[in-house]
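Summary of structural features
Letter by letter, the chains look like this.
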Amino acid sequence: MQILHISDIHFRVQYEAAQEGYASVLYRMTNPLELLDRCLERAFSEHPGIKLLMITGDLCDDGKAEDYEVLRTWLTKNLRGIKMIVTPGNHDRKAEFRSGWLGMKAQGEKEADLPYNEHWSGDELDVLSLDSAVFGESDGCFVQGQADWLAEELKKVGDRPSLLMTHHHLLDAHEGIRAVSCPAEIAQLVKESHVTAVMVGHTHHCFAGYWQRKPYYTADGMSFYGIDEPDGSVRFEEKYGYNYYETKQGLIMASEQRTFSENRELANIIFF
Ligand SMILES: [Fe+2]
């Protein structure tokens, strides 16, 4: 199976006209739909057999339901009918995501903010989308009940191969960005499971390694990335890219990470 993995789109129909701080990064960057368009064009021309798209979080950036609707409509139109699976990130408001992306009617505040998990069963493999995000909490958090959900779904998967996707990265070895604190129960479940690979986002830097003895991949963001400078500031530049995988009987047989950058600086910010 041919799979495309992208992450961290940070989409909004309109960004605040800011000249300072994080908001200025969003305001100055090229609209993510333009970058997405370039990415999909390149990915599909090189790999016309792609059958699945995984998006590992930060679909929108503090977006409203309308932003999710616009993004979903755009993707559906441009994806040539392939299946799409997502997980939310820490910049996604789950109530807005549920309303705009899933088309769910307004719910109680508590219900609307519950983690969003998904289990998709394909012909060759299953995909488990496990929510590691809480809006506004950059480091992420697997809230209570997430380990139970994963245990339950892995039971259903049985000995079929599966891929696990979550927003936050699970290894500290990512440009100095702290990994999410992963409950030992989740790590153990993955280690002992038939999960054949783990896909994450959040860092906006592509990476490939191993976690719990499983191949582990981070995709570039579809927007910007931060570079720590020696003076303590963070320089933001535009960068985007995608990961591509080929699986056979659920095992990753080939992978490719593509990064595109014109070194366009967006902002240099000192965070206190
Ligand atoms: Fe992000």
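In this report, the structure presented in the accompanying data block is examined. Owing to the predicted nature of the structure, the values given are computational and were not obtained by experimental measurement.

Time to look at the nonpolar core. By size, the foremost hydrophobic cluster in this structure holds 32 residues, and its most contacted members are I6, L36, L53, I55, L71, L75 and W101. Broken down by element, the residue count for this core peaks at seven residues, all from helix α2 (residues 32–46). Those residues in contact with I6 that lie beyond four places of it in its chain are L36, L53, M54, I55, T56, A219, M222, G241 and Y242. Membership of the second largest hydrophobic core comes to 19 residues, among which are W149, L164, V180 and A187.

Let us now look at the pattern of salt bridges. Within this structure, the stated rule accounts for 14 salt bridges. For R12, the salt bridge goes to D61, with nearest N and O atoms at 3.8 Å. Remark: D61 occurs in the loop between β2 (50–56) and α3 (65–78) and R12 occurs in the loop between β1 (2–6) and α1 (21–28); sequence separation between them is 49 residues. For the pair R12 and D61, a shared accessibility class is recorded, and that class is buried. Note that R258 is salt-bridged to E256, the shortest N-O span being 3.8 Å. Relative accessible area serves as the criterion here: at 24%, E256 is assigned to the partly exposed category. Overlapping salt bridges, with partners in common, bring together E46, E256 and R258 in one network.

Looking now at the packing of α2 against α3. Axis separation between α2 and α3 bottoms out at 12 Å; the angle between their running directions is 20°. Taken together, the axis directions place α2 and α3 in an arrangement best described as roughly parallel. The two elements α2 and α3 cross, and the hand of that crossing is right-handed. On α3, the residues that touch L33, L36, D37, L40 and F44 of α2 are L71, W74, L75 and N78.

Moving on: the coordination of the iron ion. All of the protein donors around the iron ion are D8 (OD), H10 (NE2), D58 (OD) and H204 (NE2); their distances to the metal are 2.1 to 2.3 Å. Each of the four donor atoms around the iron ion contributes to a set of angles spanning 87 to 174°, which defines the coordination as irregular.

As a further point, take the environment of V198. Structurally, the position occupied by V198 is in strand β7 (residues 195–200). The spatial distance from the C-alpha of V198 to the C-alpha of M165 is 5.7 Å, given a sequence separation of 33 residues. For V198, the residues in contact, after removing those within four places along its chain, are L164, L170, V190, W211, K214, P215, Y216 and Y217.

Position of M29 relative to the elements: it lies in the loop between α1 and α2. For the pair formed by M29 and I227, sequence separation is 198 residues and the distance between their alpha carbons is 16 Å. What M29 contacts, discounting residues up to four positions off in sequence, is H10, Y15, S223, F224, E238, R264 and L266.

This part is about the sheet that holds strand β8 (residues 207–211). Pairing is mixed across the open sheet formed by six strands, whose spatial order is β4-β5-β6-β7-β9-β8. Pairing within the sheet leaves two strands with one partner each, and these edge strands are β4 (118–121) and β8. The average angle at which neighbouring strand axes cross in this sheet is 20°, direction not considered. Pairing of β4 with strand β5 (residues 126–129) involves four bridges; the strand directions are antiparallel. Bridge pairing in β5 links W120 to V127.

What follows concerns the packing of helix α6 (residues 146–157) against helix α7 (residues 184–191). Axis separation between α6 and α7 bottoms out at 9 Å; the angle between their running directions is 15°. On the basis of their axis angle, the class for α6 and α7 is roughly parallel. In this structure, α6 meets α7 at a crossing whose hand is left-handed. Residues Q146, A147, D148, L150, A151 and L154 of α6 lie in contact with α7, whose contacting residues are E185, I186, L189 and V190. For the contact of α6 with α7, the class distribution of residues is seven nonpolar, one polar and two charged.

Here is what the cut-offs are and how they apply
- Residues numbered from 1 in each chain as written.
- Predicted model: local features only at pLDDT ≥ 70, side-chain atom pairs only at ≥ 80, totals over all residues.
- Heavy atoms only, no water.
- Core = buried A, V, L, I, M, F, W, Y, C linked by side-chain atoms within 4.5 Å.
- Buried < 20%, exposed > 50% of the residue type's maximum accessible area, 1.4 Å probe, protein only.
- Helix = DSSP H or I, 4+ residues; strand = E, 2+ residues; numbered from the N terminus.
- Contact = heavy atoms within 4.5 Å.
- Salt bridge = Lys/Arg side-chain N within 4 Å of Asp/Glu carboxyl O.
- Axes fitted to C-alpha atoms, helices over the stretch in contact; angles between N-to-C directions.
- Parallel < 35°, antiparallel > 145°, perpendicular 65-115°, else oblique.
- Left-handed = near helix turned anticlockwise from the far one by under 90°.
- Donors = N, O, S within 2.8 Å, 3.2 Å for Na, K, Ca; no water.
- Tetrahedral: all angles 85-135°; square planar, octahedral: opposite > 155°, others 65-115°.
- Pairing = 2+ DSSP bridges.
- Nonpolar A, V, L, I, M, F, W, Y, C, P; charged D, E, K, R; others polar.

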